[in-house]
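Examining the three-dimensional arrangement
One-letter residues, chain by chain:
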Amino acid sequence: MTTTTKNNFGFGCNPIIKKMYDKAGTATNAETATYKGVATKTAFFLLMAVAGFAAFFVLHMVLGRTGNPELVYNINEIFHLNMFVTEVAVAGTALVVSVLAPLFAWFLRSAIPVVGTFYALCEGYTIGFLTGMLTPQYQWISVAALVITILVVSAMLFLYAKRIVKVGHKFRAVVTTVFITMILCSLLTTVLYMIPFTRAFIDPILTFMGNPLISIGLSLVYLIVACLFLLVDFSVIEECIERGISARFEWMAAFGLAYTIIYIYFRVLELILKVVAMTKKS
């Protein structure tokens, strides 16, 4: 098979997909990855997230037959805690697994099918947990976030497939610059706030960022950046497949895509919650 010259994907994409690009070599025709293979495995991870979502409500229903929830607390008009200690403990475990799973996936490529499955299940359970905390009149928010996420991901795929948005070196450089800037600003703000001498200078900034409109604007920026990362992921995966990488790397590509899509969901959920909270205050 004829190999193609690699482009520089040093930054600007999902780290897991970036590692796939660096490690994958050209395989024989019988072993090459396909778009269908990546799409199928991505769908599998997302279905596991749906299964994790359903698992929360099944557990809640089963525990409900044993008695009344031990933890009952009204947080605000949007959230309230009305759950059992067991399901809260499972949510805490799921959160830990969600944080650690990408690290295991980074170091243990061969374990990605298993690690990715646990990750998706735990993220789905976390979404179910958050949905369960929503008061009845606001539980539509999680469904709305899902619909918007599907529309956003579909739109990004359409823009990329039709080459309406071209992902080149400059595109990736801009995405990387914006992302690094946001991370550095967040870290700098946190460090300066922890120093008593500089806290007085940070408080006005935090107050300004706490303004509902500014906060919504920042969430929208984070969502846009996540969508741009998804476009770069599409670009890297396309080049890898056209280069003829081994089918073994389909799981890695699928996990990277699923990770970005789930991240986009949480960003959409956060944005909707902030808009709803602002609407209630006005």
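Note that the coordinates shown come from a computational prediction; the quantities given were computed from them, not determined experimentally.

Looking now at the overall build of the chain. Counting secondary structure elements, the chain contains 9 helices and 2 strands. In summary, the chain has a C-alpha radius of gyration of 21 Å against a globular reference of 19 Å for 282 residues, a match within 12%. Looking at the 282 residues of the chain, the share that counts as buried comes to 41%. Excluding contacts between residues fewer than 6 apart, the proportion of contacts in the chain whose partners are at least 24 apart in sequence is 81%. Accessible area for the chain stands at about 15500 Å²; split by element, carbon and sulfur atoms hold 72% of it.

Once that is clear, we can look at empty space enclosed by the protein. Overall, the coordinates contain 1 cavity of 30 Å³ or more when judged by the stated rule. Of the volumes computed, that of the largest cavity is approximately 40 Å³. Every residue along the wall of the largest cavity is listed here: Phe79, Ile127, Leu130, Thr131, Leu134, Ser142, Leu269 and Leu273. Put simply, the parts of the chain that give the lining of the largest cavity at least two residues each are α4 (112-133) and α9 (250-281). Sorting elements by how many residues they give to the lining of the largest cavity places α4 first, with 3 residues. The residue makeup of the lining of the largest cavity, split by class, is 6 nonpolar, 2 polar and no charged.

Looking at chain direction, strand β1 (residues 71-74) and strand β2 (residues 80-83) are connected through 4 bridges and run antiparallel. Bridging across to β2, Tyr73 finds its partner in Leu81. The turn joining β1 and β2, which pair antiparallel and follow one another in sequence, is formed by 5 residues.

What follows deals with the packing of helix α5 (residues 140-161) against helix α8 (residues 212-243). Where α5 meets α8, the axes come as close as 10 Å, and the angle between the chain directions of the two elements is 50°. Considering the angle they form, α5 stands oblique to α8. Classified by chirality, the crossing of α8 by α5 is right-handed. Taking contact as the criterion, the partners of Val152, Val153, Met156, Leu157 and Tyr160 in α5 are, on α8, Cys227, Leu230, Leu231, Phe234, Ser235 and Glu238. Class assignment for the residues of the contact of α5 with α8 results in 9 nonpolar, 1 polar and 1 charged.

Nonpolar side chains tend to gather and get buried jointly when the protein is soluble and globular. In terms of nonpolar packing, the biggest core is built from 70 residues, with Met20, Ile141, Leu230, Ile237 and Ile264 touching the most fellow members. Element by element, the count of residues in this core is highest for α9, at 16 residues. Discounting chain neighbours no more than four positions away, the residues touching Ile141 are Leu134, Leu269, Ile272, Leu273 and Val276.

Here the largest pocket defines a volume of roughly 830 Å³. Thr42, Leu46, Ile150, Val153 and Ile261 are, among the 29 residues lining the largest pocket, the residues nearest its centre. When residues of the lining of the largest pocket are traced back to their parent elements, those giving at least two are α2 (35-64), α4, α5, α8 and α9. Broken down by element, the lining of the largest pocket gets its largest block of residues, 10 residues, from α5.

Here the focus is the pattern of salt bridges. Evaluated as defined, the whole model comprises 5 salt bridges. As a salt-bridge pair, Glu77 and Lys280 come within 2.7 Å of each other at their nearest N and O atoms. Within this pair, whereas Glu77 is found in the loop between β1 and β2, its partner Lys280 is found in helix α9, the two being separated by 203 residues in sequence. Overall, Glu77 belongs to the exposed group, its relative accessible area being 54%. Lys280 gets classed as partly exposed once you look at its relative accessible area, which sits at 35%. Linked through salt bridges whose partners overlap, the residues forming this network are Arg267, Glu270 and Lys274.

What counts, and where the lines are drawn
Residues numbered from 1 in each chain as written. Predicted model: local features only at pLDDT ≥ 70, side-chain atom pairs only at ≥ 80, totals over all residues. Heavy atoms only, no water. Helix = DSSP H or I, 4+ residues; strand = E, 2+ residues; numbered from the N terminus. Rg over C-alpha atoms; globule rule 2.2 N^0.38 Å. Buried < 20%, exposed > 50% of the residue type's maximum accessible area, 1.4 Å probe, protein only. Contact = heavy atoms within 4.5 Å. Areas by Shrake-Rupley, 256 points an atom, 1.4 Å probe, with all protein chains shown as cover. 1 Å grid on protein atoms, 1.4 Å probe; cavity = no way out; pocket = protein on both sides within 12 Å on 5 of 7 lines; lining within 4 Å. Points joined across faces, edges and corners; volume = space filled by probe spheres on them. Nonpolar A, V, L, I, M, F, W, Y, C, P; charged D, E, K, R; others polar. Pairing = 2+ DSSP bridges. Axes fitted to C-alpha atoms, helices over the stretch in contact; angles between N-to-C directions. Parallel < 35°, antiparallel > 145°, perpendicular 65-115°, else oblique. Left-handed = near helix turned anticlockwise from the far one by under 90°. Core = buried A, V, L, I, M, F, W, Y, C linked by side-chain atoms within 4.5 Å. Salt bridge = Lys/Arg side-chain N within 4 Å of Asp/Glu carboxyl O.

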